[in-house]
Structure formats: structure tokens, C-alpha cells
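Examining the three-dimensional arrangement
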Amino acid sequence: MSPPRPAVAPRPAGRRVTEPPRPRVRVVPRASRAAVSRGPAGDSDRAAPRDLGRSSRSRNVLGHLKGWLLHRSRRVDGGRRPTRAETPRRPQQADHPARSDQRGTVTHPIPEQPADLVARLRSTFRSGRTKPVEWRTAQLRALRQILTTHGEDLAAALHADLGKSPTEAHRTEIDFTVREIDHTLEHLDEWLRPQTAPVPAHLGADATAWTRYDPLGVVLVIAPWNYPVQLLLTPMLGALAAGNTVVVKPSELAPATSAAVARLLPRYLDTHAVAVVEGAVEETTALLAERFDHIFYTGNGTVGRIVMRAAAEHLTPVALELGGKSPAFVDRGTDLAVVADRLARGKFLNAGQTCVAPDYILTDPETARALEPELVRAVGELFGNEPRQSTEYGRIVNERHFDRLSSLLGSGRTVVGGIGDRAAKYLAPTVLADVDPAAPVMREEIFGPILPIVTVSGLDEAVDFINDRDKPLALYAFTESDTTRERLAAETSSGGLGLGLPLAHLTVSDLPFGGVGESGMGSYHGRYSIETFSHRKAVLEKPLI
């Protein structure tokens, strides 16, 4: 007997209904409530959770989250109030093919507590509404329409938040997500197909076994500020493709993008199944008090630990996409002009604010000296003699991060760059040489446009240097030696390994993207998103007759 196709719930009858209230979408009155250095785990100040007192442990976890984020937030933006452009407009209701099976009477959104929001989405999930493949693909096509129809709006928001050029905004965020949608639409039926399994002889020749993917339920996606479109929508589309309902929390540190997303998603996607919650510290604290069926967090390790503790209260599985110091090993005898071009493009994209950017260079002293002028040339060819005037060079997200990065500039000899303008949040593409492994720039993930060069005697010392530190999100190597490539693959551990080209592995939808150890857990993209947001259920059938 062959395994059945995945269960498909009947489509709801085409009767008029009254749509339930949509989740409150609001902005924090003061930007000083914003929080979290790289991640978005901050949520703001109203919308206190209905019940944070479920246990003394949960009170401690959530109090820790709120206190830590508020402590961080007091250092951000000096209490500036959001401008009109940063304040999200109330989302408008619109009929759209993704919701055409249940167009209803329009109701005005009213404030919705997190417990009510999660309960409403859980009710939607239990109704079977999100399980049919037709519903899933309709949501993905609607999301694609947002990106293609409103791409310029999103690009403008990305420029307002991070100084991204239209070219960079489309290439790394909007078009990236469209490609991921197209890949998922092309292969979704194949990915969801049950997989047969061999059955032991003692169960009889008539027994059959297979596995099938079941959606988990209600998913929470907490996104960061550095790629606030891609890193919000890509995990969300995976959760929808797997048949879940989703709550998305954009980063308050990218307020223009957060407002744009909060305005657009309810206009195109099924509001019975998808909700956007804006805010900072208290909104995230309140959300984490609720029971979700999966939490997907992208950000830093400190907040990742807090998210994981909160999830543990409900035994909720988590995916943590974190970061770390991703090294780039440059071997002797390589074409240093090519190496410098690729390192500069990978490092200084988004002003260095990329989780998988090369964090530092490891190479021998002779190669280091020869690489320095090539990096100067490569930076000049990318951004000109005055990168500040380049339309393709971004800005630091806020003054706090500018101050943190500026404090690292004294960690070595400046080869190029080393200057900035705090008021403009501009920090020049910078290369530092003669960097001591104990220097401040080597003590934390840089997450900015500073590239240190650390010298080692050769491959053996480089491998030891990497293994003596936390496992990075990525490891890059530039070498002509097969032996060197094989040793780095076999003798080190990292989320991904890029040989000859930084960052490119995350653009391959058929590769999993994720970290290991301190750089995270879980993975996504393509079919790996289906695996993350589903339960692979074992099924065995033995006929009664």
C-alpha cells in the first residue's frame, strides 16, 4: 500500500463572515524604549502580558528579559521621539486573492492582548484553514506581490533606516526574498510528499510505513534590524509554506521598515493567520510569555539565551540565528587582487552590518603585508576616494553602535579608513593591520566596517586559532590547495564554509543556513525551512484483514 498524500482540510465554505479583530499595530512613544544591539528581541512599553505570573521561574525569565533590554535601550538614541515618517500608519483592510475565500465585513482593528492574539491564531490553525497546499501557495504569491508591487516603498524604508542604496536593498533583501518564494513555490509539492520507509519482515509483507510533515501550529518570528525585510519575511514564508499561523515581530531599530511591513502585510495576507506586532521591550516580553509552537529568533547571543529560557517554560522549540566572529583564512600563493576584491565586497556590504561578513583575516606576515595595498585598492574601486559620497555605501544603524565601533579603531595600525562622522552615522570602510589577538576588536563580533588582519605562522596555527574560539557562523578560506580546503572542512566547525567567496552560500536555497554552538541552532532556507517549521511524523499501517 502506498502512503497517502498529505491530509488536506476542506476549503471553508464561501459564505460572508465578519473578520475578527486584527492585532494591534503601534509604535513606541519614545525611541529610547528601543533595544537590543543587533537583534530585535526588544518590544515596547504598552501591551503588558495578560499573565506573567504563571510560575516564579517564568517571572524571573521574563523579568530578566525586560530588565536587560531596558538597560540596553536607555543607551539608544537619547530618548528621541519618533518622527512622523517612523510612525506606522493603521493598516488598511483590502480584499486580496490570498483571502478571497473568506472576504468579510471590514472591522476596525482594536487593541489585542498577546494572549488573545495567540489564541485567535491557534483557533485558526485548529480549524484546518492553513493546511491546504492551495492556501499556503496563495499566501506565498500574495507575499511576492507585496515585494514586486511595493518594492520601491520597502527600498525607501531601508534607505531611511540604514542608508541602503536601491541596488543593495533590492539585491540583498527584496529580490533575495522573491527568489526564495519562487524556489519554494516550485518545489513545495515535492517537499511535502510523504517518504516511504522500509518495514521489518516480522511485521509482514502487507505493512507499510512512511513519514509526513505536519505543521507545528502558531509560530513567532522575531527579526533583526540589519536586514529587516529579508530576515523577517524569509523565515515567515517558510512557516507559511509549512502550514502554520505566524506572528511576526519586526525590529524597532529599523522603524521605517517596521512601519512599512506592518502596513502592507495585513493588506495582502490572511489576517486570520498572520499578525504583525510592532514595539520594543514590553511587546516582546509579553509575546514570550505566551505558548508558541516554535520561536524563530535572529539576533545576538545574549538575547538568544533569554528567548530560549522563555521558550523552555512551554517546551517550545527554537531556532536561533545568531552570529560570531567569522574568520577568513588567506593562504600563501593566492591571487591577492581577487582575494581583496571579494573580501571588500563581502565585508563592507551594508556597512559591515552582516552576520556572515568576514570578521577578521588570518594569514601569514608576508601575505598580510602584500594584501594591505590590494585592500586599499579594492575599497577605492568599490566606493571611490571618498566613500562618504558613495551612494552604494550604507550607514551605521544608530549612535550607540557608532560609538561602540569607534572605540575599536585603536586596536591596530590603520591601513585605510579609520574616520567617521557620528552625526551622520558614517564610519569609513576600515582595515587594521598588526592586530594583537587580545585587542578589543578581537574580543567581540565587530558587526561593522572594520576588518582586522591577524597574523599566524600558517595553516596549523590558523586551525588552532579558530578552534580555540567560539564556533563561528561562517568560515571563509582563499587557497589553491586541496589539502588546505580539506583540512579546514574536516578540522574546524562552523555554521557554513565558504571557499573562495564570502556570503554566497546563504544565497543557495538548497543549502541550509544556520549556526552551530554560540553562532546558533537550527537552519532554514528552501526545504530546510519546511523541516524547521514542521514535525516529521512517523506513520505505520497494518491492514486488519
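Above this text is the structure in question.
The notes below deal with the structure included here. (Residues numbered from 1 in each chain as written. Predicted model: local features only at pLDDT ≥ 70, side-chain atom pairs only at ≥ 80, totals over all residues. Heavy atoms only, no water.)

For the rest of this paragraph, the subject is the overall build of the protein chain. A tally of helices and strands in the protein chain yields 15 helices and 20 strands. For the protein chain, the proportion of contacts with a sequence separation of at least 24, taken over those separated by at least 6, is 77%. Of the roughly 21800 Å² that the protein chain leaves accessible, carbon and sulfur atoms contribute 50%. (Helix = DSSP H or I, 4+ residues; strand = E, 2+ residues; numbered from the N terminus. Contact = heavy atoms within 4.5 Å. Areas by Shrake-Rupley, 256 points an atom, 1.4 Å probe, with all protein chains shown as cover.)

To continue, consider the packing of helix H13 (residues 459–467) against helix H14 (residues 482–491). Remark: H13 packs on H14, axes separated minimally by 11 Å, with the N-to-C direction vectors making an angle of 20°. Classified by the angle their axes make, H13 and H14 are roughly parallel. Judged by the twist between their axes, the crossing of H13 over H14 is right-handed. In this structure, H13 uses Leu-459, Asp-460, Val-463 and Asn-467 to contact H14, whose residues at the interface are Thr-484, Arg-487, Leu-488 and Glu-491. Class assignment of the residues belonging to the contact of H13 with H14 gives a composition of three nonpolar, two polar and three charged. (Axes fitted to C-alpha atoms, helices over the stretch in contact; angles between N-to-C directions. Parallel < 35°, antiparallel > 145°, perpendicular 65-115°, else oblique. Left-handed = near helix turned anticlockwise from the far one by under 90°. Nonpolar A, V, L, I, M, F, W, Y, C, P; charged D, E, K, R; others polar.)

The next point concerns the pairing of strand E11 (residues 360–363). With burial as the criterion, each face of E11 is covered, one bearing Tyr-360 and Leu-362 and the other bearing Ile-361 and Thr-363. Two elements, strand E10 (residues 327–330) and E11, share three bridges in a ladder whose sense is parallel. Paired with Pro-327 across the bridge in E11 is Tyr-360. In the classification by handedness, the crossover that spans E10, the intervening helix H10 (residues 336–348) and the parallel E11 is right-handed. Judged from the three bridges that link them, E11 and strand E16 (residues 450–455) form a sheet pairing that is parallel. (Buried < 20%, exposed > 50% of the residue type's maximum accessible area, 1.4 Å probe, protein only. Pairing = 2+ DSSP bridges. Right-handed = clockwise from strand over helix to strand, strands pointing away.)

For the rest of this paragraph, the subject is the packing of aromatic side chains. In the structure shown here, the tally under the stated rule is seven aromatic pairs. One aromatic cluster in this structure is built from Phe-296, Phe-513, Tyr-524 and Phe-533. Between the NZ or CZ atom of Lys-131 and the centre of the ring of Phe-125, over which it lies, the distance is 5.5 Å. The ring of Phe-465 has Arg-469 sitting right over it, with the charged end atom 3.5 Å from the ring centre. (Phe/Tyr/Trp six-rings, centres within 6.5 Å; stacked < 30°, edge-to-face > 60°. Lys NZ or Arg CZ within 6 Å of the ring centre and 35° of its normal.)

Within the open sheet, the seven strands sit side by side as E12-E15-E16-E11-E10-E17-E18. Their pairing is mixed. Looking at which strands have only one partner, the edges of the open sheet turn out to be strand E12 (413–416) and strand E18 (496–499). Across the sheet, the mean angle from the axis of one strand to that of its neighbour is 25°, orientation sign disregarded.

At a minimum axis distance of 10 Å, the contact between helix H4 (residues 151–162) and helix H5 (residues 166–192) shows a crossing angle of 110°. In terms of their interaxial angle, H4 and H5 are classed as roughly perpendicular. The interaxial crossing formed by H4 with H5 has right-handed handedness. Residues Gly-151, Glu-152, Leu-154, Ala-155 and Leu-158 of H4 lie in contact with H5, whose contacting residues are Ala-169, His-170, Glu-173 and Ile-174. Taken together, the residues that form the contact of H4 with H5 break down as five nonpolar, two polar and two charged.

Judged by pairing direction, the sheet is antiparallel, and its three strands sit side by side in the order E3-E4-E20 without closing on themselves. The two strands at the open ends of the sheet, each matched to only one other strand, are strand E3 (195–197) and strand E20 (534–541). Between one strand axis and the next, the sheet turns through 30° on average, direction left out of account. Bridge analysis of E3 against strand E4 (residues 208–215) gives three bridges, and the strand direction is antiparallel.

Despite not being glycine, Asn-350 shows a phi value in the positive range, around 55°. As for its position among the elements, Asn-350 is in the loop between H10 and E11. On the basis of relative accessible area, Asn-350 is assigned to the buried category, the value being 1%. With phi around 95°, His-525 is a residue other than glycine that occupies positive phi space. Along the chain, His-525 turns up in the loop between strand E19 (520–521) and helix H15 (527–532). When its relative accessible area of 1% is taken as the criterion, His-525 is described as buried.

A few words now on the environment of Leu-162. Tracing the sequence through the fold places Leu-162 in helix H4. In this structure Leu-162 comes out as buried when scored by relative accessible area, which is 0%. Setting aside its immediate chain neighbours within four residues, Leu-162 contacts Trp-225, Asn-226, Pro-228, Asn-350, Gln-353, Gly-394, Arg-395 and Val-397.

Okay, H10 next. Counted at 1.5 Å a residue, the expected span for H10 with its 13 residues is 18 Å, and the 18 Å between its end C-alpha atoms agrees. For H10, the set of buried residues is Leu-336, Val-339, Ala-340, Leu-343, Ala-344, Gly-346, Lys-347 and Phe-348. Where H10 is buried, its residues touch E10, E11, helix H11 (365–383), strand E15 (430–433), E16 and strand E17 (474–478). Regarding H10, its N-cap is Asp-335, as a side-chain oxygen of that residue lies 3.2 Å from the backbone nitrogen of Ala-337 further along. A positive phi of about 55° marks Asn-350, the residue just after H10. (Expected span 1.5 Å × (residues − 1). Polar contact = N/O pair within 3.5 Å; in protein donor to acceptor, adjacent residues only side chain to side chain.)

Next up on the list: the nonpolar core. Judged by nonpolar contacts, the single largest core of 119 residues is most densely connected at Leu-143, Met-236, Leu-265, Val-356, Leu-362 and Ile-450. Those residues in contact with Met-236 that lie beyond four places of it in its chain are Leu-143, Val-221, Val-246, Val-248, Leu-265, Leu-269 and Val-274. One finds Leu-121, Ala-275, Leu-287 and Leu-320 within the second-largest nonpolar core, a separate group that totals 21 residues. (Core = buried A, V, L, I, M, F, W, Y, C linked by side-chain atoms within 4.5 Å.)

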